[in-house]
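The lines below spell out each chain.
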Amino acid sequence: MKFNVTDVKPLIEDEFVGEAAKRALQYIQTKRSAGMPVAGIYCGYAPMEVIRAVGAVPAILCAFANKTIAAAEAVLPANLCPLIKSSYGFIITDTCPFFGISDAVVAETTCDGKKKMFELISHYKPMFVMDLPQLPDEKEALANWATMITKLQGFLEKTFEKSATPEGIEAEIKATNIKNRLMNRVFDYATKKPSLLKWSETYELAFLAQVATTEDLQPIFQEVFKTLEEREAKGVYYGTASAPRVLVTGCPVGGDSTKVYKIIEEAGGVVVAMDSCTGMKPFMTEIEENTGNPIAAVAARYLQLPCSCMTPNTRRLDELDKTIARFQPDVVIEVVLHACHSYNIEAYKIMNHAKNKHNLPYLKIETDYSDGDVEQIRTRVEALFDSL
Amino acid sequence: MTVFNIPGPLINDRYKSDPVGRFLDYILKRRGEGAPVVGLYCGYAPVELIRAMGAVPVSLCASAQRTIPAAEAVLPANLCPLIKSSFGFIRTNTCLLYELSEAVIGETTCDGKKKMFELISHLKPTHVMDLPQLPDEEDVRERWTEMVRKLKIFLETTFRANIAADRLEAEIRETNKKCRLIDGFFDYVTLHPPPLNWQELYDVIGLDAVTNSGELQSLMTGISRTLDERIAAGICFGTPASPRVLVSGCPIGGDASKVLKIIEEAGGVIVALEACSGMKGYSIRIEEGTGDPLRAVAEATLKIPCSCMTPNGERLAMLDEMIKRFNPDVVIDVVLHACHAYNVESYKIMKHVKERHALPSLRIETDYSDGDVEQIRTRVEALFDSL
Ligand code: SF4
Ligand code: SF4
């Protein structure tokens, strides 16, 4: 799949095109050189606004590379999510630049594998594990999570010898909302038929936007919108009008598992919506402003994240409805990382929902970071597209 | 197999070695008397609350291979067999205990169970408890007590019952008495060699679920008499040279007991069962006479050292106690296939056992099928040979 014209200007024009992680790393390194402490995080539940309000820069420690998995398997079971193994492998082989420059680590009890892996790395760096409520609709969940966030704030303040104020957190809430609105303006270009965005552009922008501040992103956003407006004016689009539009949902997809996106495109599809933590999900919910209790507002927003670690995660179905209405996919492809029980079991509900409520074909792909299953995935995706 | 001189049954009633039959009859009898049945999935659900309401708690965790194919039509194949087996029974309408249950309590202990509950919650009134995962946080007792309070409200509403504080306090005392009796009985396996085998151990371990403390007391008197007679007659299980085995890890029952059988066939004697299907629960006491029995049961259940907790330091402490008490020569950690929590924690367990107790250990990952029996046997035999 490609653009309908040649010589399309990349969405983010810098030396890191195609290297989302390196771009993020360079950003974090610059901030650290300027004296900011780095807080490593493992998932979308880490409250960014609090981390930023303490004056720290977040670094995402989830890893997506097959190369460190063999080392991890000396300690961790082989039958475990590759994301967890890869992240741990980087740490024990001392090759994770993100972990290396983290001054502290924020962890969350999202899934069994991560929760227990954290125990094995807790001696490397100051680490704070957040006890995430699993039933977000229970009335105490919000208060409990707010308490956890307050405790995290205390941990960060103590570790970094800095402090956050309610006003500072409120300001970060507003900054996040601005960022999320801008990101959604970008995503709007993928709602067009055909889409004006290539999957890797959305992916790279999302990767950077998770760690960079709204302020630092402003010049990039300006460029991005200029480029997109130009594309629109010149009639530049990605893919073809008849290419199946694909919504990819499920586990985080990055690095070596972006093979799935590549296969989808090689099979003639266009990925228009990326419903995961490495895609559009982190930018989908607003945080309530001016509540007088910014921690509670932050807590409420994060509890709304429709991750499969929550039960029952009905919000995911609601969000899926919205995403389907907005991006108008022709097919839903779910990516489940090997041994991720929560997404794997939930896939059954997602399949029924996609088929029964939206009449959309659905395919579940269970995969890891190796390339052994590429041809098998290709066959399945091609068969799916043929059936449309 | 080592010396097998076990004469006659340990429990001399009509069930002898049929604990399942004993359990089913008990449930049916209580149900016939009008007691509702409440299904639950793990030790974190406080049974005292259920009993205080006059209801009978039953565990719905299943351990049979035969329902797994049916489960795999919906659940991933790469999932803990306990979860698949339990779900498979429900899906094929063959779980008598689930059928009898008028309400079901779930707990967010592991990813697999948590998400499986979502697929059965429409079948019966189902209440899921949000279990905190960090037992050492200072507000955790508060949080969990609140969850137990919500369970109480759920039970009271579903069964139009009232769970009175004095009834709950009475059940606390009952549980404590029963735990003391069974924990005391474990002294027999500290003997070298012990006068009983693991099957007999298991038979006794289930008894608290089908008795009140008075009944248990008289059963235990009979059991002790039998064991004392065996000791006096020099009857023991295994030889002084048989390796004493502490089995730790995931719950083991039904088709997974193959591991216990293999250990014995390889010449080992099982002297301690750490899992929640074994001895784990019996060393925990619920505080009595606090004036707030609900909080007391909540606090007691939180002491269960399950791998779903992080960091699960209590498990190491409990293992230390068990090793001191039962003097094993080796630790075998059994992990059910795809149980991430116990599987990852196994690394810490083996390291601890080696460094702190200088004991060899072996991790066995298995499921409910019998395809790996010979492979497990080879590994266990190699382990015993190395002692
Ligand atoms: S993909 Fe699943 S198993 Fe892996 S870290 Fe995320 S939630 Fe955990
Ligand atoms: S054995 Fe492990 S995966 Fe299975 S139900 Fe128990 S905790 Fe969950």
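Before reading on, note that the structure itself is shown above.
In this report, the structure presented in the accompanying data block is examined. The shown structure was predicted, so the numbers you read here are calculated from the model rather than taken from an experiment.

What counts and what doesn't
Residues numbered from 1 in each chain as written. Chains lettered and ligands numbered in written order. Predicted model: local features only at pLDDT ≥ 70, side-chain atom pairs only at ≥ 80, totals over all residues. Heavy atoms only, no water. Helix = DSSP H or I, 4+ residues; strand = E, 2+ residues; numbered from the N terminus. Rg over C-alpha atoms; globule rule 2.2 N^0.38 Å. Contact = heavy atoms within 4.5 Å. Buried < 20%, exposed > 50% of the residue type's maximum accessible area, 1.4 Å probe, protein only. Near = heavy atom within 4 Å. 1 Å grid on protein atoms, 1.4 Å probe; cavity = no way out; pocket = protein on both sides within 12 Å on 5 of 7 lines; lining within 4 Å. Sits in = over half its atoms within 2 Å of the grid points. Nonpolar A, V, L, I, M, F, W, Y, C, P; charged D, E, K, R; others polar. Pairing = 2+ DSSP bridges. Axes fitted to C-alpha atoms, helices over the stretch in contact; angles between N-to-C directions. Buried area = accessible area lost by both parts, 1.4 Å probe. Salt bridge = Lys/Arg side-chain N within 4 Å of Asp/Glu carboxyl O. Polar contact = N/O pair within 3.5 Å; in protein donor to acceptor, adjacent residues only side chain to side chain. Points joined across faces, edges and corners; volume = space filled by probe spheres on them.

**Overview of the overall build of chain B**
Looking only at helices and strands, chain B features 16 helices and eight strands. Scaling as 2.2 N^0.38, a compact globule of 387 residues should have a C-alpha radius of gyration of about 21 Å, and chain B matches this with 20 Å. Referenced to the eigenvectors of the C-alpha coordinate spread, the extents of chain B come out at roughly 60 × 45 × 45 Å. Taking as baseline every contact in chain B between residues at least 6 positions apart, the subset at least 24 positions apart corresponds to 74%.

**Focus: helix H12 (residues 294-303) of chain A**
Residue and element names in this part refer to chain A. The element H12 is largely enclosed, with a buried count of eight among its ten residues. What H12 keeps buried is the set Pro-294, Ile-295, Ala-297, Val-298, Ala-299, Arg-301, Tyr-302 and Leu-303. Of the surrounding secondary structure, the elements contacted by the buried residues of H12 are helix H2 (48-53), helix H7 (139-160), helix H8 (166-191) and helix H13 (314-327).

**Focus on the site of ligand 1**
All names here are of chain A. Lining the immediate surroundings of ligand 1 are Cys-81, Ile-84, Cys-111, Lys-114, Cys-251, Leu-337 and Cys-340. One can see that ligand 1 is located within the largest cavity. Of the residues assigned to the shell around ligand 1, the class counts are six nonpolar, no polar and one charged.

**Some words on the side chain of B:Glu169**
Residue and element names in this part refer to chain B. As for its placement among the helices and strands, Glu-169 is situated in helix H8 (residues 165-185). You can call Glu-169 buried: its relative accessible area is 12%. Non-local contacts of Glu-169, meaning those with residues more than four positions away in its chain, are made with Glu-288, Gly-289, Thr-290 and Pro-293.

**Remarks on the pairing of strand S2 (residues 56-59) of chain B**
Put simply, side chains in a regular strand alternate between the two faces of the sheet. Bridging between strand S1 (residues 37-40) of chain B and S2(B) involves four bridges; their strand directions are parallel. If you follow B:Gly39 over to S2(B), its bridge partner there is B:Val58.

**Overview of the site of ligand 2**
Near ligand 2 the following residues occur: B:Cys80, B:Leu82, B:Ile83, B:Cys110, B:Lys113, B:Cys250, B:Leu336 and B:Cys339. Each residue belonging to the shell around ligand 2 can be placed in one class, and the counts come to seven nonpolar, no polar and one charged.

**A short note on the sheet that holds strand S8 (residues 361-366) of chain B**
Residue and element names in this part refer to chain B. An order of S6-S5-S7-S8 is seen for the four strands of this open sheet, with the pairing classed as parallel. Since the sheet does not close on itself, it has two edges, and those belong to strand S6 (269-273) and S8, each with one partner. The average angle at which neighbouring strand axes cross in this sheet is 30°, direction not considered. Its contacts with the sheet place helix H16 (residues 373-385) against strand S5 (244-249), strand S7 (330-336) and S8, and it is angled at close to 175° to S8.

**Some words on the interface of chain B and chain A**
Listed by partner, the interface residues are 43 residues for chain B and 43 residues for chain A. Between chain B and chain A, a total of about 3800 Å² is buried, with carbon and sulfur atoms accounting for 55% of that surface. When the area that chain B buries against chain A is broken down by residue, the three leading residues are B:Lys115, B:Arg143 and B:His340, summing to 18%. Linking chain B to chain A there are nine salt bridges. Residues A:Glu140 and B:Lys150 are paired through a salt bridge, measuring 2.8 Å at the closest nitrogen-oxygen approach. The interface formed by chain B and chain A includes 27 residue pairs in polar contact (both at pLDDT 80 or more).

**Thoughts on empty space enclosed by the protein**
Residues and elements named next belong to chain A. If you walk through the whole model with that rule in mind, you get eight cavities of 30 Å³ or more. One number sums up the size of the largest cavity: a volume of about 490 Å³. Lining of the largest cavity is provided by 33 residues; of these, Tyr-42, Cys-43, Leu-83, Lys-114 and Pro-252 occupy positions nearest its centre. Of all the secondary-structure elements, those providing two or more residues to the lining of the largest cavity are helix H4 (82-92), helix H6 (112-121), helix H9 (199-211) and helix H14 (341-358). Of the residues that constitute the lining of the largest cavity, the class distribution is 22 nonpolar, nine polar and two charged. Contributing to the lining of the second largest cavity are 17 residues, with Met-48, Gln-210, Pro-282, Arg-301 and Tyr-302 lying nearest its centre. Looking at the lining of the second largest cavity, the elements that each hand over two or more residues are H2, H8, H9 and H12. Of the residues in the lining of the second largest cavity, the class split is nine nonpolar, four polar and four charged.

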